[in-house]
Amino acid sequence: TKNKKWDMEAAGKFYLTGFNNGDFDVYGSLKRYISKTLGFAQLGLQNVNRTPSFIYETSSSFSLGEQPSFSKENITRLFASLENDQRRWKLGASYYLVSNYTYFHDYYKADQATALFNVVNLSAEKTFRVGRRWHWLVNVQFNQRVGNGPVNMPLFFTHQRFGYEGNLGFKNLVFSTGLEGRYHTSYKADNYTALQSQFFYQDTHTISLKLPDIAAYVHFRIRSFTTYFRLENLNTM
């Protein structure tokens, strides 16, 4: 709207023919400016009804034998957020309702979870200004599956970055360097099959981190010349 207090968005896709005949994706959101303290509040809904990916088809090169026929997947997402760009923080929540979720298991077998299950995601993000050019980004997430769906995820996940962003006194230089860290609680992560180059569901082995996954980075641009350099898995040293 002209006063920049309301922002409404609606979008939709519908497939009339072909492999995805009858699939649709409907999205709508409503955003409202609240105050300088709270920033913007947003509410939204998305519903996706889709044919399972072609990799689950018997005619696909990922198939190792006859696969069962699958119904269309349906995923509904309800979401809400509070966001303040000036103070550089954001709070978000998403609630997913999933039916007919298609997945791989036992390295190559395809299957579909016909029972409805839910996923809840809560997130918070804040950028702290430590100095004139030093910034500390903190992102945390809480995830919880409700029901017996073939999806595993950590209860808690965080990604943090501490670094310098500036030009080091040079007019044509854009420079960024620092450290990144990721950490999650123990969970049964997907396994991987090199034969199909696919991740697949498993509920036997638990993945845990004793130390955060740490990486160092240096990014810079001099006019049109850009370079990215990363050194990952520093925690293994």
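About the criteria used
- Residues numbered from 1 in each chain as written.
- Predicted model: local features only at pLDDT ≥ 70, side-chain atom pairs only at ≥ 80, totals over all residues.
- Heavy atoms only, no water.
- Helix = DSSP H or I, 4+ residues; strand = E, 2+ residues; numbered from the N terminus.
- Contact = heavy atoms within 4.5 Å.
- Salt bridge = Lys/Arg side-chain N within 4 Å of Asp/Glu carboxyl O.
- Buried < 20%, exposed > 50% of the residue type's maximum accessible area, 1.4 Å probe, protein only.
- Patch = residues over 30% accessible without salt bridge, like charges linked within 9 Å, V, L, I, M, F, W, Y side chains within 5 Å.
- Areas by Shrake-Rupley, 256 points an atom, 1.4 Å probe, with all protein chains shown as cover.
- Lys, Arg positive; Asp, Glu negative; His and termini not counted.
- Charge placed at Lys NZ, Arg CZ, Asp CG, Glu CD.
- Pairing = 2+ DSSP bridges.

Undergrad: Please provide a residue-by-residue account of the side chain of Asp213, values included.
TA: With respect to the helices and strands, the residue Asp213 is situated in strand β14 (residues 213-222). Apart from residues no more than four positions distant in its own chain, Asp213 is found in contact with Glu180, Gly181, Arg182, Asn233 and Asn235.

Undergrad: Go over the pattern of salt bridges with me, naming the residues and quoting the values.
TA: Counting across every chain of the model gives seven salt bridges. Among the salt bridges present, the one from Lys72 reaches Asp23, with a minimum N-O distance of 2.6 Å. Residue Lys72 is found in the loop between β3 (39-50) and β4 (73-84), and its partner Asp23 is found in the loop between β1 (6-14) and β2 (24-35); the two are separated by 49 residues along the sequence. Owing to a relative accessible area of 28%, Lys72 belongs among the partly exposed residues under this scheme. Glu180 serves as the salt-bridge partner of Arg230, at 3.3 Å between the closest nitrogen and oxygen. Pair noted here: Arg230 is in strand β15 (residues 225-231) and Glu180 is in strand β11 (residues 173-184), with a separation of 50 residues, a long-range link. Residue classification places Glu180 among the buried positions, given a relative accessible area of 18%. Ionic contacts of the salt-bridge type, sharing partners, join the residues Arg161, Glu180, Arg230 and Glu232 into one network.

Undergrad: Can you break down a positive patch on the surface residue by residue, with the values?
TA: On the surface, a cluster of positive charge is made up of Arg88, Arg129, Arg132 and Arg133. Structurally, Arg129 can be placed in strand β8 (residues 117-129).

Undergrad: Describe the pairing of β3, listing the residues and the values that go with them.
TA: As paired elements, β2 and β3 share 11 bridges and run antiparallel to each other. Looking at the pairing, Gly28 lines up with Leu45 of β3. The turn linking β2 back onto β3 is made up of three residues. Relative to β4, β3 runs antiparallel, the two being bridged by 11 bridges. Across the sheet, Arg50 pairs through a bridge with Glu73, a residue of β4.

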